Amino acid sequence: MSIDLSGFYDEAVMSLPVEGELQRDFLDIDGRKIKFIDPIKYQGEIYRAQGEKLLHIDIRCKYEEACGRCLEPFVNVIDTVLSGRLIEKVDEITQDEDDDDLIYYVGEKLDLTEDIMSMVILSLPMKPLCDEECKGLCPQCGANLNREECNCVVENVDPRLLVLKDFFPKK
Ligand SMILES: [Zn+2]
Ligand SMILES: [Zn+2]
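Computed from a predicted model, the values in this text were never measured in an experiment.

K.L.:
Quick question: what am I supposed to make of the coordination of the zinc ion (ligand 1) here?
P.N.:
The expected angle between donors at a tetrahedral four-coordinate metal is 109.5 degrees. At an octahedral six-coordinate metal it is 90 or 180 degrees. Donor atoms from the polypeptide that coordinate the zinc ion (ligand 1) comprise Cys67 (SG), Cys70 (SG), Cys130 (SG) and Cys134 (SG), at 2.3 to 2.4 Å from the metal. Classification of the site at the zinc ion (ligand 1) rests on its four donor atoms, whose angles at the metal span 107 to 113°, yielding the label tetrahedral. Read N to C, the donor residues that coordinate the zinc ion (ligand 1) are spaced as C-x2-C-x59-C-x3-C. Classification of Cys67 by relative accessible area gives buried; the value is 1%. Among the residues examined, Cys70 registers a relative accessible area of 4% and is labelled buried.

K.L.:
So what exactly am I meant to see when it comes to the environment of Val81 here?
P.N.:
With respect to the helices, strands and loops of the structure, Val81 is situated in strand E7 (residues 73–88). Along the sequence, Val81 and Tyr42 sit 39 residues apart, while their C-alpha atoms lie 8.9 Å from each other. Ignoring anything within four residues of it in the chain, the contact list for Val81 reads His56, Ile57, Asp58 and Met119.

K.L.:
Can you help me understand unusual backbone geometry in this one?
P.N.:
Trans peptide bonds make up most of the peptide bonds, and negative phi angles are found at most residues other than glycine. Here the phi dihedral of Gln50 falls at roughly 45°; this positive angle occurs in a residue that is not glycine. Inspection of the secondary structure puts Gln50 in the loop between strand E5 (40–49) and strand E6 (52–66). The exposure class assigned to Gln50 is exposed, which follows from its relative accessible area of 82%. With a phi angle near 70°, Leu71 is a residue other than glycine that sits in the positive phi range. Within the secondary structure layout, Leu71 lies in the loop between E6 and E7. By relative accessible area, which is 55% here, Leu71 ends up exposed.

K.L.:
Quick question: what am I supposed to make of the pattern of salt bridges here?
P.N.:
Pairing between side chains of opposite charge can happen when their charged atoms approach one another. Enumeration according to the criterion identifies six salt bridges in this entry. Among the ionic pairs, Asp28 bridges to Lys33, the shortest N-O distance being 3.1 Å. Taking the shortest distance from any N to any O, the salt bridge between Arg32 and Glu65 comes out at 2.9 Å. One end of the pair, Arg32, is in strand E4 (residues 32–36); the other, Glu65, is in strand E6, with 33 residues separating them in the sequence.

K.L.:
Where do I start with the coordination of the zinc ion (ligand 2) in this structure?
P.N.:
For the zinc ion (ligand 2), the full set of protein donor atoms is Cys138 (SG), Cys141 (SG), Cys150 (SG) and Cys152 (SG), and the range of their distances to it is 2.3 Å. Metal-centred angles of 105 to 114° between the four donor atoms at the zinc ion (ligand 2) mark the site as tetrahedral. Mapped onto the sequence, the donors of the zinc ion (ligand 2) take the spacing C-x2-C-x8-C-x1-C.

Cut-offs and rules
- Residues numbered from 1 in each chain as written.
- Chains lettered and ligands numbered in written order.
- Predicted model: local features only at pLDDT ≥ 70, side-chain atom pairs only at ≥ 80, totals over all residues.
- Heavy atoms only, no water.
- Donors = N, O, S within 2.8 Å, 3.2 Å for Na, K, Ca; no water.
- Tetrahedral: all angles 85-135°; square planar, octahedral: opposite > 155°, others 65-115°.
- Buried < 20%, exposed > 50% of the residue type's maximum accessible area, 1.4 Å probe, protein only.
- Helix = DSSP H or I, 4+ residues; strand = E, 2+ residues; numbered from the N terminus.
- Contact = heavy atoms within 4.5 Å.
- Salt bridge = Lys/Arg side-chain N within 4 Å of Asp/Glu carboxyl O.

Now the structure itself:
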């Protein structure tokens, strides 16, 4: 996927619409499995402001992954934004500006694939949860506590006290 910037070389052109889709199936982030349900959609524009070429696009993606507590798959939608300054990538060596909002293009081609994907990854919730209130699984019998109740007595022992617990014989 690459955007043709040649039309934007004419200084009279103030903005260039950017719109498209990225087809991705799976993403594995340190064992976290993200399954994309729809293509990742993006829409926005490249525009001029104060002598700079700026980009602003809205990104939306719908994916499925397993809940970190109950392990059930759930669907989530991410809405995020990619924005930054467009900089022509002239030479690998002269690239010492490590500004976060720089987006590089080569010649007349702008490829946003990597920028969009890293924005999607950054926008994933830290911990995948089917619901903030998810009760998770019973640590003893493995029952999904959102759906059923079990009769296990789960001892809530502070892990720091577990060491001490071993000193006392069980009655
Ligand atoms: Zn859950
Ligand atoms: Zn149980």
